[in-house]
Amino acid sequence: MSSDGRSAGTRVNPLIRLFSSITFGVILLGLIFAYSSVVSAVAPLRYAIEMTEMHVFQHWIFALLVALFCTTLSVATLRCIRWNVTNLGVLTVHSGLLILIGGSTAYFWGKIEGDVLLLAPSLQLVRVDDPHNPLLELHAEVGQSWQTSSPAIGGTLRFEVIATSGEPLRKVRAATVRIRLGEQERDVTLTAAQPATPIGGILALQLRPSEAASHFVDRDAAALYWRTLDEPDSRLRSAQLPQLPMYLERFLPGKHPIRDTIGREVASHRTEPAVPLLGFSIPTGMLETWRMPVEVATGSPEWPFDRPDAGAPELPFDVTITGYLPVVRGFAPRASANPSAQEPFPGVNIRFATETGHRDFSLFAADPALSVTESDSPLEFVWVRNEAEREAAVRSRAGPHELTVRVANPPVEQTLAVVEGQTVQVEGTPYELTIRGFEPRWLPMGAAGGAAGSTTGPAAFVQINSGIRRFTRAVPARPGVPAQDSDDRGAWQPQGMIDANITLEYRSSPAGLLRIVAGPGEGAAAAPELVAFMPSGRAQRNPLTVGGTSAVLLAGERLDVTIEGLFERAMVERVPVVEAPERRRVGGERALSAVRLELAGRGEHSQWRRTQWCMFSDYPQDAVRPLRVDGPDGRSWVVVYSRRAHPLGGALSLDKLSVRFRPGRTSVDWWRSDYLAQTEGGDPVAAHVHTNQTHVFNGWTLFQASAPGNEPHFRFTVLGVGNRRGIWPMTVGCVLITLGSLYAFYVKPLLLRRRRDLALAEAQRSIEAPPPRALQEVR
Amino acid sequence: MTRMPMLTVLLVALAVVAAPRGAAQSLPPAFQADDALIALDGAIDWTAFGLMAVQDQGRYKSLESFARETMGMLTGRAALPGLSPCGSALEWAFNSAAYEQQRVVYLKDAVMRREFAIDLPKERRAQAERDGLFTPAELRSATVQNRIGELRAITRMASAVSRVLDAVQVAHFYPFMLQAIPAAEGAAEDAWHSPRAALWNLPPETVAELGVDRAALERLTRRNGPIPGLSSEDALAWARLAAAWNARDAAAVNAQLSVIAQRMPEIAGAGHYPPAAQLGAERVYYRMNKFASGWIVYLLAAIVGAVAMVTRWKSPAVVSVLLLLVALAWHATGIGLRWYILGRIPVANMFEATFAAAWMCVLGALLLAWVYRHAAMLVAAAVTGFFALILADFVMPASSTNLGTMMAILDDVMLRIHTTLIVLSYAMVFLAAVLGAMYLFGFYLLRAPAASVEAGVTIGVCGAVMWFVAPAVFTLAASSPVTAAEMQKFPGVAYAAAALAALLFSAIPSLRLFRAPRIACTFAVVFGAGSLTLAVLPYGYFVGWAKTAIYGGAAWTVATLIGAALLSILAARTAVLAPASGGSGGARVSLYDRPIMAGALPGDEHGAARLPRWLHELDWCHLIVLNIIFVALFVGTILGAIWADYSWGRPWGWDPKEVFAMNTWIVYAAIIHVRFVVRDRGLWTAWLSLVGCAVMAFNWYVVNTHIVGLHSYA
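Because the structure is predicted, anything quoted here is derived from the model rather than measured.

Novice: Lay out the sheet that holds strand S23 (residues 412–417) of chain A with the relevant residues and their values.
Specialist: Residue and element names in this part refer to chain A. Taken together, 3 strands build an open sheet; the order of strands is S23-S22-S29 and the sheet is antiparallel. The open sheet has two edge strands with one neighbour each: S23 and strand S29 (502–508). On average, adjacent strands in this sheet sit at an angle of 15° to one another, irrespective of strand direction.

Below you can see the structure in the form of structure tokens.
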């Protein structure tokens with residue numbers, strides 16, 4: 001082998017000489033090394049150009065480097081290496097490498113990866129008033145049973161699946177369940193079509209039947225789906241969103257600023273593929289594929305789950321995506337004027353500022369959930385209609401915990417400071433109150449023992465003894481949240497009081513409370529003010545002005561308070577709140593993302609405009625966060641932002657998920673999904689995947705991707721799906737490289753040594769041998 | 001300030017104003033076991049009790065192991081100060097509330113100390129940052145809990161936060177963790193129960209005596225009924241044990257321990273209690289410090305081997321081999337015991353992989369040394385074993401070295417094939433790097449001893465600067481409005497800071513204290529790049545890098561000076577440093593007959609005649625190992641792709657681990673081809689071998705722990 005492809009005596013094309021150069025090959029190796037190291041290890045770089053690991057290695061720059069390397073390898077092999085047995089090793093290695101790269105090209109060129117969600121047939125125990133959030137799920141398989149005992153639901157509840165029926169692919173379409181509640185037992189047949197069957201008045205049982213999945217969704221590629229709600233059999237249409245960003249906030253200016261969970265205003269990253277440099281904008285469209293805004297091709301939709309239907313209604317508006325947020329934690333209300341409202345709905349937008357920064361709040365006095373911030377030391381908005389209400393709202397409390405007791409018959413009212421353990425005899429009545437404790441963050445309880453709401457706040461727990469009955473009353477401090485009683489068995493009463501003759505009011509600010517008080521109209525009676533309640537109960541009043549900034553001194557600290565808007569009739573607009581960057585977890589990609597949709601009516605509805613945020617749903621057909629749009633033509637639409645669907649070429653239906661637990665049942669060490677697989681026109685066949693075992697279905701490789709990890713309720717399984725073309729060339733290439741390396745390192749030296757020994761022996765013989773006959777004759 | 005919502009700050013200020021003014025808070029005391037407790041612990045026979053089984057973290061372990069592990073999480077040591085591990089476990093299970101205000105929870109990571117001490121009074125904060133000891137009550141505060149939630153989101157902080165969470169769990173929930181009462185009914189994997197849960201099984205009159213109603217019982221035990229199959233007598237044994245322990249009654253404690261140790265295995269369902277031999281082996285394993293202390297023997301072997309290599313004396317060579325054999329045997333015992341206890345090959349996490357790979361590598365190098373009769377292999381093998389075990393003993397957190405379960409997906413035959421081969425190849429990469437470093441040392445000793453000394457001094461000075469500057473930088477960063485977490489999310493700030501550091505380091509050689517600033521400058525740039533990387537890694541890495549630079553630079557300098565002195569005194573380089581033979585009786589296989597790597601042969605490079613034979617031999621040794629690495633790395637990576645194909649449905653997905661496995665191999669492919677085109681082949685090979693080792697280390701450690709990917713468990 002000669003280095004650098006130099007060959008004496010001939011003039012070689014400079015290009016050929018370049019591609020024959022080992023130095024050039026090593027440089028290309030170095031560039032490949034540098035490229036792959038940087039894009040793999042420096043994730044922010046990939047995020048900046050909105051590319052996944054797979055995308056960045058399909059980039060034309062990487063492809064170019066690999067192509068140049070292959071060319072160099074080929075030319076150098078042909079020109080610089082002698083084709084003989086000695087060099088068989090290196091020739092094999094180089095050939096194997098080229099075959100491996102060829103196979104890899106085929107593999108990654110059409111690579112599709114995604115997953116399919118398979119739901120197991122199950123019995124769902126739900127609350128009557130909330131059938132969409134199951135309290136419990138049980139695999140709908142004959143013999144499965146569940147039991148609990150609670151006085152709140154009427155004793156022992158047990159149900160057992162005694163029969164199921166269905167079709168070959170969908171094995172459970174109906175289930176017969178034996179239900180026992182207390183001493184009563186009955187058999188009920190549940191089907192998917194029928195509503196939930198009530199049990200004991202509070203709970204209900206419903207069936208989620210077997211379902212077959214005919215599509216899987218792409219791992220990364222996004223799509224927008226829509227269907228109308230006005231046609232019962234309306235199917236989802238979709239449009240791909242190949243230019244949608246994935247990692248960074250990118251949005252065009254909007255009506256309201258977007259803030260993070262710490263309250264800071266969030267700025268958009270670049271919204272066009274260009275980099276500003278020294279006052280110039282350098283276009284980078286060659287390097288990155290994302291764009292903003294993204295025009296959604298609703299005019300030429302795909303029918304991922306159905307064949308095109310000539311009668312399908314056309315979407316009556318155009319859709320443009322003008323914003324993308326990767327990690328949305330929720331939506332914050334923002335108050336704006338609502339002139340068309342009939343009833344007062346007071347709202348305020350207020351800003352608190354100090355030397356170190358500011359923070360904005362929007363509160364709505366008439367909505368208990370929106371009138372106060374969720375915090376140990378909350379901010380509250382109180383709307384007062386007259387001077388008496390104002391006085392009640394701003395006066396100091398009797399102590400850290402203040403209780404007002406009102407008895408209707410005989411009429412008694414008493415306000416006093418209370419402490420834990422204190423017993424109070426209400427004068428002139430048989431009522432004796434015992435303060436059992438105070439809870440700074442209490443969540444109202446429901447009948448079945450679960451939470452009845454999602455708003456927490458301070459509450460006092462008072463045991464009331466009326467002389468006839470003894471019960472406990474939870475008295476929330478938050479205005480508008482009703483008190484709740486629990487009977488002597490400990491069951492909470494979801495509605496109504498055990499004894500309506502006595503009412504309690506509790507006020508407390510255990511860690512301080514700021515209250516904004518304002519009223520209708522103009523003048524002193526309407527003037528807004530900020531009242532600071534100390535933990536001791538003492539109140540400090542501070543006047544505020546609408547539209548202006550007022551300086552307030554609190555505990556020696558200056559606080560600038562600005563009422564940016566105060567509306568007697570307000571409307572609630574929801575603005576997304578993004579997760580603060582320092583609190584974000586890596587991974588999950590689009591899972592918590594949202595897109596801002598600008599909807600513009602067409603034709604006669606061209607004046608119609610809407611702006612709405614749509615959260616991501618993992619699976620389009622089982623969308624958990626769809627967006628409802630009331631269109632300009634009077635029809636309602638469901639819009640789903642999800643992942644692109646690919647047909648499986650058949651259908652899969654989950655039979656069951658099995659798990660094997662480690663000691664203690666806190667972690668799983670093995671999963672297995674059994675399912676029925678049916679190709680188009682074929683019969684269903686039983687198949688399975690489990691940890692470290694795949695199954696090939698219709699050219700797609702299925703594997704166990706995700707499943708419940710710590711409870712045996714068998715609710716669902718997620719199978720990873722992918723294609724794998726070019727595997728065999730890759731395998732052949734790898735084998736050749738291995739064999740060639742072994743030959744080059746361990747066989748070639750033996751050949752060289754044997755050749756050297758032979759040469760030495762020959763030389764030795766030539767030294768020791770007598771001179772040729774002709775020479776002897778000459779001599 | 002920006003870290004806390006402003007409204008909260010204001011209201012906290014309000015609360016402070018309203019709060020009664022009291023005397024300045026005194027500093028909490030450190031944990032101190034009283035004399036009665038120490039005497040009690042000393043009077044207890046823990047033999048049988050320590051061998052009882054506990055169900056914890058998905059496996060069964062001996063109670064003594066459980067105590068050592070959990071106390072390690074809590075205090076950083078195997079036991080509470082002054083107590084035995086088992087005594088510590090019982091004291092913490094029965095009396096942890098008494099220590100709520102004592103400094104007992106040890107946080108190793110400086111960043112964690114600073115983050116969680118931020119709201120403490122000034123004096124107390126300084127104390128906590130200095131000794132790392134917190135009270136359980138301090139860690140219970142809302143500020144700390146919120147901060148833990150925030151820090152968990154940061155990938156590079158994940159390991160440190162995970163250790164804090166372990167400590168918090170032990171501090172606050174220990175009575176629930178001690179699951180030593182077997183499930184009498186149900187399946188083998190059903191959860192066991194803690195002694196506290198056994199309160200439900202006490203006779204009603206006993207419960208009445210305790211004055212505990214049902215609600216209190218539910219709150220205390222976090223369950224709503226008795227343990228199935230547990231007799232009231234067995235429950236009473238635990239209650240009596242607690243009472244006797246609290247009364248410091250050694251005789252009663254011994255009596256109850258004896259009863260409990262006898263009864264618990266009998267309670268368990270048939271075949272559900274782990275065998276006593278396994279529990280005993282586990283106890284031995286922990287008492288022997290997981291056999292990581294073998295680094296001492298490896299160190300001795302390396303020193304003696306170096307003497308043998310330089311002097312060619314026979315005795316040191318024999319002693320070096322014997323020491324290596326002793327170390328290997330000790331090392332193998334640790335691997336074997338771990339394998340027996342866990343019931344699987346111990347290569348499933350970083351500790352196990354490092355431990356096992358080093359052993360295989362040392363064994364392989366010993367065989368190579370035997371075949372080729374060259375002491376350099378012995379020295380490199382001993383250094384490899386030394387570094388692996390010193391990492392295991394001192395650098396890896398104890399929690400990551402404990403016996404534990406592995407990810408479900410790892411339970412496959414490929415764990416024995418792919419993982420073993422790939423970690424072996426990684427260990428060989430390190431071995432090759434040691435040989436490369438030896439070559440570089442020799443090369444520069446001969447070619448440019450002054451520059452070599454200068455390089456060593458520069459490295460040491462850079463390390464010293466980093467060492468002294470680190471606390472100041474850290475303090476500055478912590479007190480700046482840009483928090484460490486924000487720097488993580490906005491790495492531009494960190495990169496800028498690191499670039500500044502690189503400039504500063506580069507400025508050191510410009511002082512022209514030495515004669516060859518070009519080389520010193522090279523090293524400074526290298527360190528600048530190092531600090532650039534370190535800017536986004538935890539503080540501990542910064543300090544670790546500085547220490548390594550100080551010690552490494554000093555060692556290099558001293559060794560070069562000694563070498564140069566020897567050269568000048570003896571004035572016969574080739575005579576003194578002639579090819580060394582590791583054993584007597586001559587070589588069975590000539591070094592020059594061994595398989596070669598592709599590329600030009602050693603000894604024919606530029607200026608070959610001016611280099612002694614021993615240096616060429618080092619290059620030969622290096623190439624022998626590089627041959628093995630090239631094949632093993634490739635085959636190991638391809639086996640990983642095969643595993644990924646039947647596990648994740650695709651052989652290759654450009655996961656960071658896969659990318660850097662490819663990159664590591666690319667470095668060795670480059671070495672082969674670089675030898676065709678460069679003049680100083682041995683020199684280039686040695687440098688590139690060090691680069692390959694750095695890429696391997698990056699792939700093994702940084703990718704596993706700081707870059708999110710499918711291999712984050714490894």
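Novice: Residue-level account of the packing of helix H29 (residues 656–677) of chain B against helix H30 (residues 681–706) of chain B, with values.
Specialist: Packed helices, taken two at a time, are described by the angle between their axes plus the distance between the axes. Residue and element names in this part refer to chain B. Two elements in contact, H29 and H30, have axes whose closest approach is 9 Å; the angle formed by their N-to-C orientations is 180°. The angle between H29 and H30 places the two elements in the roughly antiparallel class. Per-class residue counts for the contact of H29 with H30 are 16 nonpolar, 8 polar and 3 charged.

Novice: Go over the pairing of strand S38 (residues 627–630) of chain A, please, and point to the residues and values.
Specialist: Residues and elements named next belong to chain A. Burial along S38 is one-sided: the residues Leu 627 and Val 629 are buried and none of Arg 628 and Asp 630 is. Examined bridge by bridge, S38 and strand S39 (residues 636–661) share 4 bridges and lie antiparallel to one another. From the neighbouring strand, Leu 627 faces S39, where its bridge partner is Val 639. The loop that links S38 with its antiparallel partner S39 comprises 5 residues; one of these, Gly 634, has a positive phi angle of about 90°.

Novice: Kindly report on the interface of chain A and chain B, identifying the contributing residues and their values.
Specialist: Frequently, the measure chosen for interface size is the accessible area removed from exposure when the parts meet. Residue-level contacts link 85 residues of chain A with 82 residues of chain B. Taken together, the two surfaces of chain A and chain B that pack against each other cover about 6,700 Å², and 68% of this comes from carbon and sulfur. One can count 4 salt bridges joining chain A with chain B. Taking the shortest distance from any N to any O, the salt bridge between Arg 665 of chain A and Asp 190 of chain B comes out at 3.2 Å. Here chain A and chain B share 11 residue pairs in polar contact (both at pLDDT 80 or more) between them. For the side of chain A that touches chain B, the class distribution of residues is 46 nonpolar, 21 polar and 18 charged.

Novice: Could you give an account of the nonpolar core, with specific residues and numbers?
Specialist: Residues and elements named next belong to chain B. Counting residues in hydrophobic clusters, the biggest one holds 149 residues, and the most contacted among them are Leu 324, Leu 435, Val 625, Ile 629, Trp 654 and Tyr 668. At 19 residues, the largest contribution of residues to this core is made by helix H21 (residues 413–447). Core analysis: the second largest hydrophobic core is formed by 77 residues, Val 144, Trp 192, Ala 244 and Leu 257 among them.

Novice: Would you mind going over helix H5 (residues 60–80) of chain A in detail, with residue names and values included?
Specialist: Residues and elements named next belong to chain A. Compared with an ideal rise of 1.5 Å per residue, which puts 21 residues at 30 Å, H5 spans 29 Å between its outermost C-alpha atoms and is within 8% of the ideal. Buried residues of H5: Phe 62, Leu 65, Val 66, Phe 69, Cys 70, Thr 72, Leu 73, Val 75, Ala 76, Thr 77 and Cys 80, and no others. In this fold, the buried residues of H5 make contact with helix H1 (14–20), helix H2 (22–41), helix H4 (53–56) and helix H6 (88–109).

Novice: I'd like to hear about empty space enclosed by the protein, residue by residue, with values.
Specialist: All names here are of chain A. Tallied over the full model, the rule gives 6 cavities of 30 Å³ or more. Its boundaries defined by the atoms lining it, the second largest cavity holds a volume of some 130 Å³. Contributing elements (two or more residues each) for the lining of the second largest cavity: strand S26 (457–465), S29 and strand S30 (513–518). Take the lining of the second largest cavity: its biggest share by element is 3 residues, from S29. A breakdown of the residues in the lining of the second largest cavity according to their chemical character gives 8 nonpolar, 3 polar and 5 charged.

Parameters at a glance
Residues numbered from 1 in each chain as written. Chains lettered and ligands numbered in written order. Predicted model: local features only at pLDDT ≥ 70, side-chain atom pairs only at ≥ 80, totals over all residues. Heavy atoms only, no water. Pairing = 2+ DSSP bridges. Helix = DSSP H or I, 4+ residues; strand = E, 2+ residues; numbered from the N terminus. Axes fitted to C-alpha atoms, helices over the stretch in contact; angles between N-to-C directions. Parallel < 35°, antiparallel > 145°, perpendicular 65-115°, else oblique. Nonpolar A, V, L, I, M, F, W, Y, C, P; charged D, E, K, R; others polar. Buried < 20%, exposed > 50% of the residue type's maximum accessible area, 1.4 Å probe, protein only. Contact = heavy atoms within 4.5 Å. Buried area = accessible area lost by both parts, 1.4 Å probe. Salt bridge = Lys/Arg side-chain N within 4 Å of Asp/Glu carboxyl O. Polar contact = N/O pair within 3.5 Å; in protein donor to acceptor, adjacent residues only side chain to side chain. Core = buried A, V, L, I, M, F, W, Y, C linked by side-chain atoms within 4.5 Å. Expected span 1.5 Å × (residues − 1). 1 Å grid on protein atoms, 1.4 Å probe; cavity = no way out; pocket = protein on both sides within 12 Å on 5 of 7 lines; lining within 4 Å. Points joined across faces, edges and corners; volume = space filled by probe spheres on them.

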